[in-house]
Amino acid sequence: GAVVSQHPSRVICKSGTSVKIECRSLDFQATTMFWYRQFPKKSLMLMATSNEGSKATYEQGVEKDKFLINHASLTLSTLTVTSAHPEDSSFYICSASPNKGTTQYFGPGTRLTVL
Amino acid sequence: GQQVMQIPQYQHVQEGEDFTTYCNSSTTLSNIQWYKQRPGGHPVFLIQLVKSGEVKKQKRLTFQFGEAKKNSSLHITATQTTDVGTYFCAGWSGTYKYIFGTGTRLKVLA
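Everything numeric here is computed off the predicted structure, so don't read it as measured data. (Residues numbered from 1 in each chain as written. Chains lettered and ligands numbered in written order. Predicted model: local features only at pLDDT ≥ 70, side-chain atom pairs only at ≥ 80, totals over all residues. Heavy atoms only, no water.)

Per the secondary structure count, chain B includes zero helices and eleven strands. Counting helices and strands in the order they occur from the N terminus, chain B gives β-β-β-β-β-β-β-β-β-β-β. Relative to a compact globule of 110 residues, whose C-alpha radius of gyration would be 13 Å, chain B shows 13 Å and is just as compact. In chain B, the share of contacts with a sequence separation of at least 24, taken over all contacts with a separation of at least 6, comes to 54%. Carbon and sulfur atoms provide 52% of the accessible area of chain B, an area that totals close to 5,300 Å². Taking the average place of the 12 positive charges on the side chains of chain B and the average place of its 6 negative ones, the gap between the two points comes to 9 Å. (Helix = DSSP H or I, 4+ residues; strand = E, 2+ residues; numbered from the N terminus. Rg over C-alpha atoms; globule rule 2.2 N^0.38 Å. Contact = heavy atoms within 4.5 Å. Areas by Shrake-Rupley, 256 points an atom, 1.4 Å probe, with all protein chains shown as cover. Lys, Arg positive; Asp, Glu negative; His and termini not counted. Charge placed at Lys NZ, Arg CZ, Asp CG, Glu CD.)

As a further point, take the sheet that holds strand E7 (residues 61-65) of chain B. All names here are of chain B. Sheet architecture is open: five strands sit in the order E1-E3-E8-E7-E6, paired in antiparallel fashion. The open sheet terminates on both sides in strands that have one partner only, identified here as strand E1 (4-7) and strand E6 (55-58). Across the sheet, the mean angle from the axis of one strand to that of its neighbour is 15°, orientation sign disregarded. Relative to E7, E6 is paired through four bridges, and the arrangement is antiparallel. (Pairing = 2+ DSSP bridges. Axes fitted to C-alpha atoms, helices over the stretch in contact; angles between N-to-C directions.)

The subject of this paragraph is the side chain of Lys-36 of chain B. Residues and elements named next belong to chain B. Along the chain, Lys-36 turns up in strand E4 (residues 31-37). The buried charged residue Lys-36 lacks any salt bridge partner; its closest oppositely charged side chain belongs to Asp-83, at an N-O distance of 4.7 Å. Here the side chain of Lys-36 touches Thr-82 through a polar contact of 2.7 Å, landing on its backbone oxygen. In contact with Lys-36, other than residues within four places in its own chain, are His-42, Pro-43, Val-44, Leu-46, Thr-82, Asp-83, Val-84, Thr-86 and Tyr-87. (Buried < 20%, exposed > 50% of the residue type's maximum accessible area, 1.4 Å probe, protein only. Salt bridge = Lys/Arg side-chain N within 4 Å of Asp/Glu carboxyl O. Polar contact = N/O pair within 3.5 Å; in protein donor to acceptor, adjacent residues only side chain to side chain.)

Right, let's talk about the interface of chain A and chain B for a bit. If you look at the interface, chain A gives 21 residues, while chain B gives 18 residues. Buried area between chain A and chain B, summed over both chains or domains, comes out near 1,600 Å², and the portion from carbon and sulfur atoms is 56%. In this structure, Glu-59 of chain A and Lys-97 of chain B form a salt bridge, with 2.4 Å as the shortest nitrogen-oxygen distance. There are three residue pairs in polar contact (both at pLDDT 80 or more) connecting chain A and chain B. Of all elements in the fold, only strand E4 (32-38), strand E5 (44-51) and strand E9 (90-97) of chain A reach the threshold of two or more residues within the side of chain A that touches chain B. In terms of residue class, the side of chain A that touches chain B is made up of eight nonpolar, nine polar and four charged. (Buried area = accessible area lost by both parts, 1.4 Å probe. Nonpolar A, V, L, I, M, F, W, Y, C, P; charged D, E, K, R; others polar.)

Turning next to the layout of surface pockets. What the largest pocket holds in volume is close to 1,100 Å³. Taken together, 46 residues make up the lining of the largest pocket; nearest its centre are Lys-42, Ser-43 and Leu-44 of chain A together with Phe-88 and Thr-102 of chain B. Elements supplying a minimum of two residues to the lining of the largest pocket: E4 and E5 of chain A together with E1, strand E2 (10-14), strand E9 (85-92), strand E10 (98-100) and strand E11 (104-109) of chain B. Residues of the lining of the largest pocket, tallied by class, amount to 20 nonpolar, 18 polar and eight charged. (1 Å grid on protein atoms, 1.4 Å probe; cavity = no way out; pocket = protein on both sides within 12 Å on 5 of 7 lines; lining within 4 Å. Points joined across faces, edges and corners; volume = space filled by probe spheres on them.)

Take it as geometry only, folks, not as evidence of what the structure does.
Now the structure itself:
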């Protein structure tokens, strides 16, 4: 089956630093990757849609300068949380899809804690 | 904007009892997917429904897509402790993204 990896799985950082999270599709090419944020006991909130070779599409209310997304290849997308603050602490999950409207395969998630 | 609501929000059942979660969209959907997320884990794809009125079964799980393609349900027969988790529906409206439902957290008491 399709496998998506995410790295790191857990990160603790100081306020003001930047954190990069990688999302890779290991056995398929992902034309689209999605970045979600999930608060405890809540649903997944779509932050942005990442398309290979073009700019990401951000959801309303998500700061594009705060959450930088790069979709460098058909198998890799990165999310950089810049100048992180404690309120950015959350569970970040990526998903990858071979085609729009088809199955999304989720990565294992990254738990970010900003002190 | 498009909203996808799920009820109930929480459900506690005795092992062996049945369980149903309902998913309702404010707009017509092209397709709907269901996911299961175990505590501390990530969502795992269960199934996708595309056709109006479609019914699919996976062992003890039965999935339905409404005739109007605005609602869906997941029914689990004779729950087991391994069914514990949060069940999400996700609707594709034909744009570029899935909208996740609010989720139903299932707890199964042994």
